[in-house]
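# Topology and contacts: notes
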Amino acid sequence: MTIHRAVVARVRPLSTTMARITFHGEGLAAFTSTGVGDEYVRLFLPHGPDRTDVSLPDSTENGGWRTPEGRPEAPVRTYTIRSARPEAGEIDIDFVLHGHGTASGWAAAARPGDVIGVNSPTGLYSPPADLSRQVLVSDLSGLPAVGRLIENTPDHVITRAVLEVPDPSCVQPLPDRPGVRATWTYGGNGHGPSRLAELVEAAIPPGTDLTGGYVWVAGQTDALRAVRRYLRRELRLPAERFKVVGYWMPDGESWTRRYEALPAAVRSELESMWHDPADEPEDLAIRYEDRLSTLGL
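What counts, and at which threshold
- Residues numbered from 1 in each chain as written.
- Predicted model: local features only at pLDDT ≥ 70, side-chain atom pairs only at ≥ 80, totals over all residues.
- Heavy atoms only, no water.
- Helix = DSSP H or I, 4+ residues; strand = E, 2+ residues; numbered from the N terminus.
- Rg over C-alpha atoms; globule rule 2.2 N^0.38 Å.
- Buried < 20%, exposed > 50% of the residue type's maximum accessible area, 1.4 Å probe, protein only.
- Pairing = 2+ DSSP bridges.
- Axes fitted to C-alpha atoms, helices over the stretch in contact; angles between N-to-C directions.
- Contact = heavy atoms within 4.5 Å.
- 1 Å grid on protein atoms, 1.4 Å probe; cavity = no way out; pocket = protein on both sides within 12 Å on 5 of 7 lines; lining within 4 Å.
- Points joined across faces, edges and corners; volume = space filled by probe spheres on them.
- Nonpolar A, V, L, I, M, F, W, Y, C, P; charged D, E, K, R; others polar.

### Let's talk about the overall build of the chain
The number of helices and strands found in the chain is seven helices and 14 strands. A globule of 297 residues ought to have a C-alpha radius of gyration of about 19 Å, and the chain, at 20 Å, matches this closely. Taken over the C-alpha atoms alone, the chain extends approximately 55 × 50 × 35 Å along its principal axes. Out of the 297 residues in the chain, the part that is buried amounts to 45%.

Here it is, written out as structure tokens:
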């Protein structure tokens, strides 16, 4: 894994709740996009008032990173690459501006010349070779990925997109591509209960013929537990026919504190669940999420 030094080139508002920040600089010369529409990176943010002072970590042999000795650890957050333009040496990242949180606060004040670190990207969207139609469902946090996925979709593929955003002021134009039908709904996103599970079931009711189909859902992590169970247990979709990606958790810092406060034996039990060779990864995820629910997490 490589850590790249990225410098803010431009900031452009997209809606009342989202801004697009373009990064450039010599540090991005070696940045290589996967080309996958939902590829994500870790952002290493400044740790103090100097917006150019970032503790860029060193890569480790096992694919991780290590903060240089004597330097403060940089705050790290995960974001989707909205677009990559290697010919210009630029990448775009869209930030939700929700008035709180380390990354959102940084983005709200971003200006040209600010510096962050960006690691090598990883993509998750992986449709089958026979793809002829897809359903994309997300809340505001997944909107950048949805836009790029639509841009990258072959003309012959029919796309149904369902987006849950806080209110009409958050709606953005989607790429103009053939075969795309989009529906916008309002609510969730920390302003009320998420309806992602309900929206998925409405878009793909039981009995739907999913021959040649693929389902991609992203957004509020705990709301997606019901989505994963529905797709896997009720619709009985093979793992290669869907991807469910948790992007954020309400009051995530509190969730992390409560997780870390669990007894060591319980945390060990949770971690060991991922090493059961008898289950598919999606089934392991369902078991893991069900156990988190019983623990109030």
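### A look at the sheet that holds strand 11 (residues 158-165)
Pairing within the open sheet is parallel, and its five strands lie in the order 12-11-10-13-14. Here the strands that pair on one side only, and so sit at the sheet edges, are strand 12 (180-186) and strand 14 (242-248). Pairwise comparison of adjacent strand axes, ignoring direction, gives a mean angle of 10° for this sheet. Each of strand 10 (133-139), strand 11, strand 12, strand 13 (213-220) and strand 14 touches helix 2 (residues 143-152); the most contacted strand, strand 10, lies at about 160° to it. Sheet contacts for helix 3 (residues 196-203): strand 10, strand 11, strand 12 and strand 13; angle to strand 10, the most-contacted strand, approximately 160°.

### Side note on empty space enclosed by the protein
Tallying each qualifying case throughout the model produces one cavity of 30 Å³ or more. In this model, the largest cavity occupies a volume close to 30 Å³. F44, S55, P57, W65, T67, E73, A74 and V76 are the residues that line the largest cavity. Along the lines of polarity and charge, the residues of the lining of the largest cavity split into five nonpolar, two polar and one charged.

### Looking at helix 2
Counting buried positions along helix 2 gives eight out of ten residues, so the element sits mostly inside the fold. Listed as buried for helix 2 are L143, P144, A145, V146, G147, R148, L149 and I150.

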